[in-house]
Amino acid sequence: MAALNTFLWGALPYLAIGLLISGTIWRYRYDRFGWTTRSSELYESRLLRIGSPLFHIGLFFVIAGHVIGLLIPASWTAAVGVNEATYHALALALGVVAGVLTFGGLVLLIWRRRTTGPVFLATTRNDKVMYVFLVAALGTGLATTLINAFGATYDYRTTVSPWLRSLFTFLPDTGLMAEAPTEYHLHVTIALLLFALLPFTRLVHAFTAPVAYLFRPYLVYRSRDVTRGPGTARPRRGWERTGS
Amino acid sequence: MRVMAQIAMVMNLDKCIGCHTCSVTCKQTWTNRAGVEYAWFNNVETRPGQGYPRRHEDQERWRGGWELTRRGRLRPRSGGRLRRLVSIFANPVLPNIRDYYEPWTYDYRTLTEAPTGDDFPVAAPRSLISGERMDTVPWSANWDDNLGGMPQHGPDDPVLARMSEQVRLEFEQAFMFYLPRICEHCLNPSCVATCPSGALYKRAEDGIVLVDQDRCRGWRMCVTGCPYKKIYFNHRTGKAEKCTFCYPRVEAGLPTVCSETCVGRLRNLGVLLYDADRVREAAATPKEQDLYEAQLRLFLDPHDPAVADAAERAGIPLAWLDAARRSPVYDLIATHRVALPLHPEYRTMPMVWYVPPLSPVVESLTATGHDGEDEQNLFGAIETLRIPVAYLAELFTAGDTAPVDAALRRLAAMRAHRRRLNLGDAPDPAIAASVGMTTEQLDDMYRLLALAKYEDRYVIPTAAVGAAEALEESALGGCSLDFEGGPGMGGGHGSGPFGEASGRPAPAAVENFHALRSRATDDRPADAAGPGARVNLLNWDGNGRPAGLFPPRPERDTTDDTHTGER
């Protein structure tokens, strides 16, 4: 049990994040062509127009909630005058709303994917695996929030959050995480697996969110680069010309 | 002044017979792949008609092109930067596949596998999108071909809708013509402006607008941004694709495939020099009807020494300046002023221009028993036949009939002048003078529009002599991109490990080498994609025996097969 705890809360996070970073770099270097949203809006837009913004915007709130809940120590929020009860109520209210939005959007998107013939046909095995992890991660997260809201209250800011922060110092306090209830264990494990999987799925499009668009001129001119033109492109490793 | 060069095209609509050769050859070169079955980089529309995709000119609905803000600044009609990013999760105005058409193939297997019987077997259409049987094929890229103005289709033409009711009623008898369309390679491209990733770009050397397939993330904003709907979303690779102006050929000094194969020889290609610094200002001209003139003023006279000087300082090669001086495109657009831009009111400053068709006028004259070649008759007819002129004006000059009128008169004058010569009469300078030209100019127009010799139509400088040979090979050697493992082509569903067609695209020459070799030597069918894959006859390269295409062979043929290489 101790070994499992050490692995799950002491090694898995680093493995997952390591894979996330290296996988993303690798994908960006070798599969930029496959780096796309692979949108299916051309086939069906009625449901997508509801489900996709729901899911994505909900996800922003979910991420923001995680950042606040996990990275900001309880002592900081207390210092600005937010006591534990207020924080708890606020976090749960927002968390439930964001979670329901995101999960609802995701369910709608998956339902659309399954029932719209062309969209289902365009779903790869990779997508299906990704959806399993996405649903599991979001589902356990939402369940955790709901249990916390309507069942036994649990202050994760005394265990899960310090554990996560301890990861950054490379001295993970696995004992803290081991104390947390099962639903937290499940959620964290699945989320870590999702992180590890992320670079190898279509989710990579999130890393190239076009924020720079806001700051660039409308028109883009590019020069035809003779040295890197077709036929003169740097060949794949192992395919270089010899004797030149 | 910042001189930039643009390879532009002028199409002489009088000579288009609507044979669709350009569309077919373009398709075979560029879009005979899964994911872009529905895409026609070049299509030929019958006007009046709905066009392809259906009613794409209705910008109230599709929000393409630019608009002027209240402060007189340019903004994409679909909204500014922030609005685009906010709506990025679901593009609110993306055409559905059915607005183009649902691509299909036929169930050929039922023909070859039908048991002997009294009934003829039928190959039912099968959707390439859903894989389902289709009861009927309801629409395609040119479904209303030759049906221009028919009650079923005419009223759906957004251009016609802008004209008065009376005009619309009379229109059914008036005329019809063909309009071949490719990407306009605009000077102020709204697709480029709406691309959040910056994957779409205008090439500085020749003005060709291209999609960087490695940078495109499939946000599909460009599809909305382009008012001509000439950007297509490849639904298999999840990337935008568009007319490339056959850049590998153009770089090698060859005309585009659509131009090369045009049986009417109506396409002209050449270099235009323009002042890039004034593009935005010209596109922001307040009155839509002035946009044509504003764009004309952007073009620089290559014969002007000051322009030549500025061009040299801007790094434009001498060969390009020389080509600009001999450019048929410049002559038709600026010197003779017979070519007009398509929908200048979109403010994208399009660079594929059209010589408006005079033939409907001539035809209706001849039909009434008049001499359709006589200049007085023709001038009179252009004046009386207001409907064709008004329609053409809606297409080419945002509704201002004066430039269309002038262009048609010049064409009429050329006709009348050349007829006199043909009949052995002395040339009458009055004809040319009546349209503000000289007899020599009319002869030059005749050379460009009627004789239209290959070397007069296409004056294309090569991009770089060194690179050209390598490029030529990739452009000419067989079918460009369609092979398994290539950039998103070939193969069946789920080809790459990370979704459709992931993997690194090979450089063009390498890719071409492999494609050619596999075509030439491989005894596998080019499209053997595993169980459930179907053979699209359009794409089949004649190699191999795809399952279901032929009836089974008797076993004893095996020895023959080794000789014929299983072909």
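Residues numbered from 1 in each chain as written. Chains lettered and ligands numbered in written order. Predicted model: local features only at pLDDT ≥ 70, side-chain atom pairs only at ≥ 80, totals over all residues. Heavy atoms only, no water.

Residues and elements named next belong to chain A. Structurally, Arg157 can be placed in the loop between helix 6 (125-150) and helix 7 (160-168). At 3.0 Å, the side chain of Arg157 and the side chain of Thr77 are in polar contact. Excluding residues that lie within four positions of it along the chain, Arg157 makes contacts with Gly69, Ile72, Pro73, Ala74, Thr77, Glu84, Tyr87 and Pro162. (Helix = DSSP H or I, 4+ residues; strand = E, 2+ residues; numbered from the N terminus. Polar contact = N/O pair within 3.5 Å; in protein donor to acceptor, adjacent residues only side chain to side chain. Contact = heavy atoms within 4.5 Å.)

A few words now on the interface of chain B and chain A. By a widespread convention, an interface's size corresponds to the accessible area lost as its parts come together. On the side of chain A, 52 residues touch chain B, which itself brings 80 residues to the contact. Of the roughly 5700 Å² buried between chain B and chain A on both sides combined, carbon and sulfur atoms contribute 60%. Run the count over chain B and chain A and you get two salt bridges. With its nearest N and O atoms 2.9 Å apart, the salt bridge here joins B:Asp212 to A:Arg222. Joining chain B to chain A, the criterion identifies 26 residue pairs in polar contact (both at pLDDT 80 or more). Contributing elements (two or more residues each) for the side of chain B that touches chain A: strand 4 (74-76), helix 3 (81-86), helix 4 (97-100), helix 8 (190-194), strand 8 (200-203), helix 10 (247-251), helix 24 (465-476) and helix 25 (508-521) of chain B. Split by residue class, the side of chain B that touches chain A holds 44 nonpolar, 20 polar and 16 charged. Note that strand 1 (residues 221-222) of chain A and strand 8 of chain B share two bridges and pair parallel. Within strand 8 of chain B, the position partnered with A:Tyr221 by the bridge is B:Lys202. (Buried area = accessible area lost by both parts, 1.4 Å probe. Salt bridge = Lys/Arg side-chain N within 4 Å of Asp/Glu carboxyl O. Nonpolar A, V, L, I, M, F, W, Y, C, P; charged D, E, K, R; others polar. Pairing = 2+ DSSP bridges.)

Next up on the list: helix 1 (residues 2-30) of chain A. Residues separated by three or four positions in an α-helix point in the same direction, a consequence of the helix having 3.6 residues per turn. All names here are of chain A. Given a rise of 1.5 Å per residue, 29 residues ought to cover 42 Å, and the 39 Å separating the end C-alpha atoms of helix 1 matches this to within 8%. Taken as a whole, helix 1 carries its principal kink of about 45° at Ala11; the proline Pro13 stands between one and four residues after it. Of all the positions in helix 1, only Asn5, Leu8, Trp9, Gly10, Leu12, Pro13, Ala16, Leu20, Gly23, Thr24 and Arg27 are classed as buried. Taken together, the buried residues of helix 1 touch helix 7, helix 8 (174-179) and helix 9 (182-197). (Expected span 1.5 Å × (residues − 1). Bend = angle between axes of the 7 residues up to and from the residue. Buried < 20%, exposed > 50% of the residue type's maximum accessible area, 1.4 Å probe, protein only.)

In this section: the pattern of salt bridges. Residue and element names in this part refer to chain B. Within the structure shown, the criterion is met by 27 salt bridges over all chains. Close ionic contact of Arg418 with Asp443 constitutes a salt bridge, the shortest N to O distance being 2.8 Å. Taken together, the residues span a long stretch of sequence, with Arg418 in helix 20 (residues 401-422) and Asp443 in helix 22 (residues 439-451) at a distance of 25 residues. Exposure remark for Arg418: the relative accessible area of 23% places this residue in the partly exposed category. The class for Asp443 is partly exposed, based on a relative accessible area of 27%. Measuring nitrogen to oxygen at the nearest pair gives 3.3 Å for the salt bridge that ties Arg447 to Asp456. Look at Arg447 and you get partly exposed, because its relative accessible area is 28%.

Here we come to the packing of helix 4 (residues 84-115) of chain A against helix 6 of chain A. Residues and elements named next belong to chain A. Two numbers describe how helix 4 lies on helix 6: the axes approach to 9 Å, and their chain directions differ by 150°. Considering their axes alone, helix 4 and helix 6 lie roughly antiparallel with respect to each other. For the crossing formed where helix 4 meets helix 6, the hand is left-handed. Here helix 4 contributes His88, Leu92, Gly95, Val96, Gly99, Val100, Thr102, Phe103, Leu106, Ile110 and Arg113 to the contact with helix 6, which in turn contributes Asp127, Tyr131, Leu134, Val135, Leu138, Gly139, Leu142, Thr145, Leu146, Asn148 and Ala149. The residue makeup of the contact of helix 4 with helix 6, split by class, is 13 nonpolar, seven polar and two charged. (Axes fitted to C-alpha atoms, helices over the stretch in contact; angles between N-to-C directions. Parallel < 35°, antiparallel > 145°, perpendicular 65-115°, else oblique. Left-handed = near helix turned anticlockwise from the far one by under 90°.)

The nonpolar side chains of soluble globular proteins are, as a tendency, buried together. Of all hydrophobic cores here, the largest spans 153 residues; its most connected members are B:Tyr38, B:Leu200, B:Leu273, B:Phe299, B:Ile333, B:Trp353 and B:Phe396. Ranked by the residues each element gives to this core, the list is headed by strand 1 (residues 3-12) of chain B, at eight residues. In terms of nonpolar packing, the next biggest core, distinct from the first, is built from 18 residues, A:Leu8, A:Ala16, A:Tyr87 and A:Ala196 among them. (Core = buried A, V, L, I, M, F, W, Y, C linked by side-chain atoms within 4.5 Å.)

Attention shifts here to the packing of aromatic side chains. Counting across every chain of the model gives 24 aromatic pairs over all chains. Within the aromatic cluster, the residues linked to one another by ring pairs are B:Tyr38, B:Phe41, B:Tyr52, B:Tyr100, B:Tyr101, B:Trp104 and B:Tyr232. The residue whose ring lies beneath A:Arg157 is A:Tyr87, and the NZ or CZ to ring-centre distance is 3.4 Å. The lysine or arginine in question, B:Arg54, covers the ring of B:Trp139, its NZ or CZ lying 4.1 Å from the ring centre. (Phe/Tyr/Trp six-rings, centres within 6.5 Å; stacked < 30°, edge-to-face > 60°. Lys NZ or Arg CZ within 6 Å of the ring centre and 35° of its normal.)

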